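Chain by chain, the residues:
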Amino acid sequence: MNMKNYVRFEFPSLPENVSFARSCVGAFAAQLNCTLEEIEEIKLVVSEAVSNSIIHGYDNRPHEKVVVMATILDNEVMEIMVEDFGKGIVDIGQAMEPSYSSDPARMGLGFSLMQSFMDELDVCSEPGRGTSVKLKRSFRAKSQAALA
Ligand SMILES: Nc1ncnc2c1ncn2[C@@H]1O[C@H](COP(=O)(O)OP(=O)(O)OP(=O)(O)O)[C@@H](O)[C@H]1O
Ligand SMILES: [Mg+2]
């Protein structure tokens, strides 16, 4: 697949940057052939992943680095990467289970949400080094997909 466009940015792990990252990727996604509802879904998954980096990766420490990259491939595929350099995840399988949270006050639905709105979810993590979440979704028109 050919890269058509990308945006990459980093910011400190301040809670107010969740909505910044979400809007930024949403605005970038507007060039895709997708509906406003689909853009809302993209925004939602970005805020879930960025919140996870801040809340879990950095235990809410406010001056750590979060990196977001969004790439558009072949005009129709959106790839999003959210990366932190925080504490990492010991058991990725368990973390991704619906309703699992290491914090009893949370719902444990972030990864499930990312999974349901995107075609692919890939989590790489190393304890003590950080976590990167890669999300991918195709917006190819159904009729075109059927022809391919
Ligand atoms: N970037 C991260 N760094 C470290 N741990 C993480 C990270 N992202 C997720 N986790 C771990 O995975 C668990 C599940 O994440 P998920 O987003 O599904 O639920 P949650 O954040 O606990 O709750 P919710 O998203 O519903 O508020 C978290 O509770 C946390 O233990
Ligand atoms: Mg979460």
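Above this note sits the structure.
Source: prediction; values computed, not measured.

Visitor: Could you give me a rundown of the site of ligand 1, with the residues and numbers involved?
Guide: With respect to spatial proximity, 19 residues lie near ligand 1, and among them N52, H56, S101, S102 and L109 are the closest. Take S102: an N or O atom from its side chain is 2.5 Å from an oxygen atom of ligand 1. Notes on ligand 1: free accessible area 610 Å², of which the protein chains cover 92%. Here ligand 1 is seated within the largest pocket. Of all elements in the fold, only α2 (36-57) and α4 (110-117) reach the threshold of two or more residues within the shell around ligand 1. Ranked by the residues each element gives to the shell around ligand 1, the list is headed by α2, at five residues. Grouping the constituent residues of the shell around ligand 1 by class yields six nonpolar, ten polar and three charged.

Visitor: Go over the pattern of salt bridges with me, naming the residues and quoting the values.
Guide: Tallied over the entire structure, the rule returns eight salt bridges. With a shortest N-O distance of 2.7 Å, E41 and R137 are connected by a salt bridge. Separated by 96 residues along the polypeptide, E41 in helix α2 and R137 in strand β5 (residues 130-138) bring together distant segments of the chain. Summarising the burial analysis for this pair, E41 and R137 share the class buried. Here K87 makes a salt bridge to D59, at a shortest N to O gap of 2.9 Å. On the criterion of sequence distance, the pair formed by K87 in the loop between β3 (77-84) and α3 (92-96) and D59 in the loop between α2 and β2 (65-73) is long-range, its members being 28 residues apart. Judged by relative accessible area, which is 44%, D59 ranks as partly exposed. Connected through salt bridges with shared partners, the residues E38, E41 and R137 form a single ionic network.

What counts, and where the lines are drawn
- Residues numbered from 1 in each chain as written.
- Chains lettered and ligands numbered in written order.
- Predicted model: local features only at pLDDT ≥ 70, side-chain atom pairs only at ≥ 80, totals over all residues.
- Heavy atoms only, no water.
- Near = heavy atom within 4 Å.
- Polar contact = N/O pair within 3.5 Å; in protein donor to acceptor, adjacent residues only side chain to side chain.
- Areas by Shrake-Rupley, 256 points an atom, 1.4 Å probe, with all protein chains shown as cover.
- 1 Å grid on protein atoms, 1.4 Å probe; cavity = no way out; pocket = protein on both sides within 12 Å on 5 of 7 lines; lining within 4 Å.
- Sits in = over half its atoms within 2 Å of the grid points.
- Helix = DSSP H or I, 4+ residues; strand = E, 2+ residues; numbered from the N terminus.
- Nonpolar A, V, L, I, M, F, W, Y, C, P; charged D, E, K, R; others polar.
- Salt bridge = Lys/Arg side-chain N within 4 Å of Asp/Glu carboxyl O.
- Buried < 20%, exposed > 50% of the residue type's maximum accessible area, 1.4 Å probe, protein only.

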